[in-house]
Amino acid sequence: MPSKGVLAVQFLDGLYNLNKTFFYSIIAVMILGHKRVISRLNAILANGNIPHAFIFYGPENIGKLTVAKEFAKSLVCLKNKNCDIEKNCDICSECLAINGWRQPEVIFFEPGRHLTDEKTAVKEIGIGDVRELKRILSLKAPEGKYRPVVINSAESLTEEAQNSLLKIIEEPGEGTIFILICKSPDLLLPTIVSRSVSIGFSPLGADEIKKFLLKKILSDSRIEELIEASFGRPGLIFRFLEDIELMREEVKKAAEVKKVISDHLVKRFNYAEKISQDDLAIKEFFNHFYFILRDIFLKNFERQESLISPKRFVSIMKSADEISNAIYSTNVNRRLALEAFFLELE
């Protein structure tokens, strides 16, 4: 019988052939951890020919913004001569400025934290921010220095703002490096994606999390509890360590989604009606769904069970991605969209 390693390679090869594009955006990104991301970024830094635009994408609380901050620091740290992400000094003026997202060392904006006083919807980044960004970038940067631009929740850029940003990305000033952080490149203009290096972030593996948590002198049962509740998201683990009630609430929400997955269609449709008018509830449902289905799938694979085939897994995840994106970015009837998705689970 082939070893687990051989079986894993055969499995991934087969899955790759099912749908090459979706393989990289769903499977490969979810299985691999941050070590691969850091290694790739360090290789780019070592090469010296740094692309002018990056897209960091993946689930919330996965570490995208943290890595973006360290990457930005590695570009400007006064003591990190080799531009190694893991060797930022964190005490020089440049590092301290980026830790606080202070200009001019870094330009940072996101929904709720704007470059201008222009009134925009709470969840949006409007054209005013991009125009102000263009003005700032028109000012001469210190000679020979990088100027990182970090846009968090870049999918919140309005279409007008994205089109304006595209023009800046096409003709960036010397030393300007864009880091766009989002859930999925599919939520950005294809022209922005094609001009950027996309880097996917995945949940951390259980072994990586255990190594960190063992340093916290936690019991084995507590460690397993944290891993299961966080689904490998380091941002949540840190919050759970400080707030046990938050963890209990997340476990409760995940249990509700698991129940919806296993329920019959009528109860799923009732759930669709219940959450259809609640933006946060829809967002939390899909956030939990991705991790729960991934967890089920990987456990099935480890046990060599066939409760869900690779082809079926890809189909469901792709459907979840398409329907959630439609709900977030269009005027689609949310209840009907959710019901259509639940039909996919039959």
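Residues numbered from 1 in each chain as written. Predicted model: local features only at pLDDT ≥ 70, side-chain atom pairs only at ≥ 80, totals over all residues. Heavy atoms only, no water.

A.B. asks: Describe the pairing of strand β3 (residues 147-151), with residues and values.
C.D. replies: Successive residues of a regular strand alternate their side chains across the two faces of the sheet. Of all five residues in β3, five are buried, a share of seventy percent or more. Bridge count between strand β2 (residues 107-109) and β3: three bridges; the pairing is parallel. Across the sheet, residue Ile107 finds its bridge partner in β3, namely Val149. Between β3 and its parallel partner strand β4 (residues 176-182), the chain crosses via helix α7 (residues 159-170), and the hand of that crossover is right-handed. (Buried < 20%, exposed > 50% of the residue type's maximum accessible area, 1.4 Å probe, protein only. Helix = DSSP H or I, 4+ residues; strand = E, 2+ residues; numbered from the N terminus. Pairing = 2+ DSSP bridges. Right-handed = clockwise from strand over helix to strand, strands pointing away.)

A.B. asks: So what about the confidence of the model for the protein chain? Which residues, and what values?
C.D. replies: Taken as a whole, the protein chain shows an average pLDDT of 81; of its residues, 84% reach a score of 70 or greater. Ignoring residues within four places in sequence, the model shows residues 1-32, a span with pLDDT below 50, making 47 contacts including any to other chains. (pLDDT = per-residue confidence, 0-100. Contact = heavy atoms within 4.5 Å.)

A.B. asks: Describe in detail the nonpolar core, supporting the description with residues and values.
C.D. replies: Ranked by internal contacts, the top residues of the largest apolar core, which has 30 residues, are Phe285, Phe286, Phe289, Leu338, Phe341 and Phe342. At the level of secondary structure, the elements contributing two or more residues to this core comprise α12 (244-262), α13 (265-275), α14 (279-302), α15 (310-329) and α16 (334-344). If one sorts the elements of this core by residue count, α14 sits on top with ten residues. The contact partners of Phe286, leaving out residues within four places of it in the chain, are Ala320, Ile323, Ser324, Ile327, Tyr328, Leu338 and Phe341. (Core = buried A, V, L, I, M, F, W, Y, C linked by side-chain atoms within 4.5 Å.)

A.B. asks: Just give me the short version of the side chain of Ser184, but keep the residues and values in it.
C.D. replies: Along the chain, the position of Ser184 falls in the loop between β4 and α8 (190-194). Excluding residues that lie within four positions of it along the chain, Ser184 makes contacts with Tyr57 and Asp321.

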